[in-house]
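Chain and residue survey
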Amino acid sequence: MPRINSNYCVFVTLFTQLTFFLPVALNVVALNPTDATISQFVNASFQHRWNRTGDNEEVGFIMSMAKSMILVGGLVGAFTIKFMLQILSRQQNLTLLHVIFVVSSLLMSVATKFGMSYEALIVGRFLCGFSRGCGFTLVPLMIAETTSRKTIALYQAPTLAILQLGSAISNFLGLPWVLGGEQTWPFFLAMPGFFSIVYLIASPMLPETITYKILEEENVEVCVENQFARPSFSLLKKLRAGNLSTVQTEYIDMKMEISASLRSSQTSFWNVLMGENSRRQLFGAIVILTTLQSTGVQAVALYTDTIFEETGIPKNQATYYTIGMFVLMALVLFASSPLLVQYGARKIILVGLTGTAFSLVLLTVSLKTRSFCPDIMTKVSLTALILYSCFVSVGPMMCFMGFATEVTAQLIRPSAMWIGGIVWNTMASAIVWSTPYVLQAIHGYFYLVFVGLVVFDVLYIKFYVPSNTTARYQIITNEPVENFEEVTPLLSSEIFRQEKTANYHAENSPSFRGKNKYYGSASSNCSLPN
């Protein structure tokens with residue numbers, strides 16, 4: 001496959017993901033390895049305020065609040081990001097989230113330690129979760145609007161590898177003999193803020209997304225007779241490695257796709273929901289975005305030690321198995337990313353989900369039969385967890401963000417990512433809060449719940465989610481397509497290309513005129529590209 005994105009584009013996408021999702025991963029699991037140390041601090045704060053230590057119920061409640069606030073904040077952020085995008089640009093929003101990260105880190109470390117305030121820890125966790133919930137929608141949207149559509153899935157893949165690697169690093173650094181000790185834990189909780197400071201320093205060098213620049217130019221009536229002299233085209237040239245004609249073709253394709261969405265009035269959430277093709281893209285993106293939660297990875301991430309203990313691993317070794325599992329998932333994800341180029345996200349996510357369902361069934365069987373042959377079933381359980389880690393990494397973990405942005409058109413994508421983020425965070429909260437009680441009630445059968453969710457996802461994606469190519473055809477022509485295999489040659493045909501161009505050049509096309517409910521007023525009188 002010829003090189004499409006420039007080195008500058010690669011830097012922008014990787015730097016954006018690394019500086020945002022690595023601190024997210026460090027924070028999400030930070031209280032797991034430091035649980036005993038932070039509990040001691042809470043007791044000390046009780047002694048400092050009221051000259052008594054807190055009882056187990058009080059300390060447990062405060063620790064539970066601190067851990068869950070990152071999920072509550074994530075849900076609030078998922079709801080809020082849509083309205084933030086209507087007020088600020090993509091880069092302005094991301095800069096704001098990094099400022100919130102810095103404030104969050106200071107609250108969880110300096111304010112908590114020196115103020116002897118566990119309330120500061122709880123508020124800091126909430127702010128961190130808020131940034132996480134906003135970023136779940138914002139960062140994938142920015143990557144999708146910066147890279148070539150042909151490489152969206154590939155360039156979204158590092159996100160989850162960074163999250164898994166960050167979780168492994170956090171579990172290790174949080175150990176009492178590393179940075180999780182009584183005197184060092186504030187440094188551990190402050191560390192994620194460093195990455196946000198690095199981003200804030202570099203932010204002046206980072207561009208807005210191409211889609212946002214195109215719409216911004218139309219909104220302020222940047223009338224340039226030669227469309228290829230516009231700043232948005234100059235930015236696209238900087239982000240691409242292809243020759244001039246290839247970049248020009250991509251630029252026209254992007255503007256035609258945006259124009260078609262506006263011409264069909266599909267940009268507001270309500271209109272997206274009402275349109276047959278746009279609704280299909282919206283629901284498909286939501287299902288794809290929630291595939292990772294359907295595998296139970298959120299429960300596994302937070303309760304891995306308990307799961308390993310249930311398989312027969314000694315309690316004092318469970319944390320090291322947890323670290324190994326996160327490292328394995330990150331390595332498998334990195335190693336398998338070239339498969340995206342060869343086979344595409346749709347095939348890979350279906351294979352990964354199918355393998356995940358099989359490994360969860362195997363884990364259930366091994367756990368329920370362990371009493372008959374403990375040694376053998378312990379090994380089978382570990383094998384099932386290894387298979388689970390590999391299939392989740394190769395399938396939904398690598399593809400869910402990229403595939404969801406691939407199958408949505410430019411102006412449908414923000415609504416799809418917004419609703420998908422809300423559903424994702426809602427599922428995460430429900431899974432985390434219910435897992436201890438469900439595990440206690442049904443034990444090994446707990447994993448069959450996720451098998452059912454995964455089977456539903458496989459069937460829905462197989463029969464209802466369009467491919468990337470199909471989604472583009474539907475939004476340009478506003479015609480449904482049932483046979484995915486027939487679309488590719490149709491799209492490449494000269495007749496279809498001429499038809500698209502004719503539609504795009506329509507003299508009375510309202511493509512950038514009138515009120516756009518998502519992006520604001522688009523009152524330009526500029527002509528369409530010549």
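It should be emphasised that the depicted structure is a prediction, and the values quoted were computed from it without experimental measurement.

Helix and strand counts for the protein come out as 26 helices and two strands. When the 530 residues of the protein are sorted by exposure, 57% land in the buried category. Counting only contacts in the protein whose residues sit at least 6 apart along the sequence, the fraction spanning at least 24 positions is 80%. Roughly 21,500 Å² of accessible area belongs to the protein as shown, and the carbon and sulfur atoms make up 65% of that amount.

In this section: the pattern of salt bridges. Counted under the stated rule, the structure contains five salt bridges. Put simply, Glu 119 and Arg 49 hold a salt bridge, and the shortest N to O gap is 2.5 Å. Placement of Glu 119 in helix 5 (residues 118–144) and of Arg 49 in helix 2 (residues 35–50) is noted, with a sequence separation of 70 residues between them. Classification of Glu 119 by relative accessible area gives partly exposed; the value is 33%.

As a further point, take helix 7 (residues 158–173). For helix 7, with 16 residues, the first-to-last C-alpha span of 22 Å sits near the 22 Å given by 1.5 Å per residue. The buried fraction of helix 7 amounts to 13 of the 16 residues, a majority that puts the element mostly inside the structure.

Since one α-helical turn is 3.6 residues long, residues separated by three or four positions face the same way. Looking at helix 11 (residues 231–239), one finds that the buried residues are Ser 232, Phe 233, Leu 235, Leu 236 and Leu 239. With its buried residues spanning 155 degrees around the axis, helix 11 presents them on a single face.

Overall, the prediction assigns the protein a mean pLDDT of 79, with 81% of residues at 70 or greater. When the elements of the protein are averaged for pLDDT, strand 2 (residues 520–521) gives the smallest value, 34, and helix 9 (residues 192–202) the largest, 95.

Attention shifts here to the environment of Thr 53. Inspection of the secondary structure puts Thr 53 in the loop between helix 2 and helix 3 (56–87). Thr 53 sits 11 residues away from Val 42 along the chain, and the two C-alpha atoms are 8.6 Å apart. Once residues within four sequence positions are removed from consideration, Thr 53 is found in contact with Asn 43, Phe 46 and Gln 47.

Direction vectors running N to C along helix 1 (residues 7–28) and helix 5 enclose 150 degrees, while the axes themselves pass 10 Å from each other. Taken as axis vectors, helix 1 and helix 5 run roughly antiparallel relative to one another. When the axes of helix 1 and helix 5 are compared, the crossing they make is left-handed. Contact with helix 1, carried on its side by Thr 13, Thr 16, Gln 17, Phe 20, Phe 21, Val 24, Asn 27 and Val 28, involves Arg 125, Cys 128, Ser 131, Arg 132, Gly 135, Val 139 and Ile 143 of helix 5 and no other residues of that element. Of the residues that constitute the contact of helix 1 with helix 5, the class distribution is seven nonpolar, six polar and two charged.

Counted according to the given criterion, the structure contains 17 aromatic pairs. Ring geometry for Phe 446 versus Phe 450: centroids 5.2 Å apart, planes at 85 degrees, classification edge-to-face. Taken together, the positions of Phe 446 and Phe 450, both in helix 23 (residues 446–464) and four residues apart, correspond to about one turn of that helix. Exposure remark for Phe 446: the relative accessible area of 6% places this residue in the buried category. For Phe 450, a relative accessible area of 4% gives the class buried. On the numbers, 6.0 Å between centres and 40 degrees between planes, the contact of Phe 456 with Tyr 460 is tilted. Taken as a pair, Phe 456 and Tyr 460 lie in helix 23 at a separation of four residues, close to a single helical turn. Classification of Tyr 460 as buried rests on a relative accessible area of 18%. A connected cluster of aromatic rings, assembled from ring pairs, spans Phe 11, Phe 15 and Tyr 199.

Among the nonpolar cores identified, the biggest contains 98 residues, and Ile 288, Phe 400 and Ile 461 are the most heavily contacted of them. In terms of residue count, helix 21 (residues 374–406) provides more of this core than any other element does, 13 residues in total.

We now examine the side chain of Arg 125. Checked against the element boundaries, Arg 125 lands in helix 5. One buried charge, Arg 125, has no salt-bridge partner; the nearest side chain with opposite charge is Asp 35, at 9.6 Å. Among the polar contacts made by the side chain of Arg 125, one reaches the main-chain carbonyl oxygen of Asn 27 at a distance of 2.4 Å. When residues no more than four places from it in sequence are discounted, the contact partners of Arg 125 are Asn 27, Val 28, Ala 30, Leu 31, Ala 66, Lys 67, Met 69, Ile 70 and Met 108.

This part covers unusual backbone geometry. Of note in this structure, Met 116 is not a glycine but carries a positive phi near 50 degrees. Along the chain, Met 116 falls in the loop between helix 4 (90–114) and helix 5.

This part is about the environment of Ile 197. By secondary structure assignment, the location of Ile 197 is in helix 9. Along the sequence, Ile 197 and Phe 101 sit 96 residues apart, while their C-alpha atoms lie 9.1 Å from each other.

Here the focus is a nonpolar patch on the surface. Together, Val 361, Val 365, Ile 442, Tyr 445, Leu 448, Val 449 and Leu 453 make up a nonpolar patch on the protein surface, roughly 540 Å² of accessible area in all. The element that contributes the greatest number of residues to the nonpolar patch is helix 23, accounting for three residues. Looking at the element boundaries, Tyr 445 is found in the loop between helix 22 (413–442) and helix 23. For Tyr 445, a relative accessible area of 44% corresponds to the partly exposed category.

Another aspect to go through is the environment of Val 110. Looking at where Val 110 falls in the secondary structure, it is placed in helix 4. For the pair Val 110 and Phe 187, spaced 77 residues apart in the sequence, the C-alpha separation amounts to 8.7 Å.

Assignment of secondary structure puts Thr 112 in helix 4. In this structure Thr 112 comes out as buried when scored by relative accessible area, which is 0%. A distance of 3.4 Å separates a polar atom in the side chain of Thr 112 from the backbone oxygen of Met 108. Apart from the residues lying within four places of it in its own chain, the contact partners of Thr 112 are Phe 41, Leu 107, Ser 117, Ala 120, Leu 121 and Trp 185.

How each quantity is defined
- Numbers given to residues run from 1 along each chain, matching the order in which its sequence is written.
- Confidence filtering applies because this is a predicted model: local features only for residues at pLDDT of at least 70, side-chain atom pairs given and counted only at 80 or more, and all residues used for totals across whole chains, interfaces and linings.
- To get the side-chain values, take all heavy atoms of the structure and skip hydrogens and water.
- Helix numbers and strand numbers start at the N terminus; a helix is a DSSP run of H or I with at least 4 residues, a strand a run of E with at least 2.
- Each residue is placed in one exposure class: buried if its accessible area under a 1.4 Å probe, protein chains only, is under 20% of its type's maximum, exposed if it is over 50%, and partly exposed if it falls in between.
- In this analysis, two residues are considered to be in contact whenever any of their non-hydrogen atoms come within 4.5 Å of each other.
- Using a 1.4 Å probe, the Shrake-Rupley method yields the accessible areas, and only the shown protein chains count as cover for residues.
- The term salt bridge refers to a side-chain nitrogen of Lys or Arg lying within 4 Å of a carboxyl oxygen of Asp or Glu.
- Here the expected span of a helix is defined as 1.5 Å times the quantity of residues minus one.
- Note that the arc is computed from the directions linking the helix axis to the C-beta atoms.
- Confidence of the predictor at the level of single residues is captured by pLDDT, which takes values from 0 to 100.
- All axes here are fitted lines through C-alpha atoms, helices being fitted over the stretch that makes contact, and every angle between N-to-C directions spans 0 to 180 degrees.
- Roughly parallel covers angles under 35 degrees, roughly antiparallel covers those over 145, roughly perpendicular covers 65 to 115, and oblique covers all other angles.
- Left-handed describes a crossing whose near helix is turned anticlockwise from the far helix by less than a right angle; the clockwise case is right-handed.
- Residues are grouped as follows: nonpolar covers Ala, Val, Leu, Ile, Met, Phe, Trp, Tyr, Cys and Pro; charged covers Asp, Glu, Lys and Arg; every other residue, Gly included, is treated as polar.
- Any pair of Phe, Tyr and Trp rings, taking the six-membered ring for Trp, is counted once the centres come within 6.5 Å. Such a pair is stacked with planes under 30 degrees apart, edge-to-face with planes over 60 apart, and tilted for the rest.
- We define a nonpolar core as any set of buried Ala, Val, Leu, Ile, Met, Phe, Trp, Tyr and Cys residues linked to one another through side-chain atoms lying within 4.5 Å.
- Only four residue types enter the tally: Lys and Arg on the positive side, Asp and Glu on the negative side, with His and both chain ends excluded.
- The definition of a polar contact used here is a pair of N or O atoms within 3.5 Å, where within protein one atom must be able to donate a hydrogen and the other to accept one, and adjacent residues in sequence count solely through side-chain atom pairs.
- Only residues whose relative accessible area exceeds 30% and that form no salt bridge enter a patch; like-charged residues are grouped when within 9 Å of one another, and nonpolar side chains (Val, Leu, Ile, Met, Phe, Trp, Tyr) when within 5 Å.

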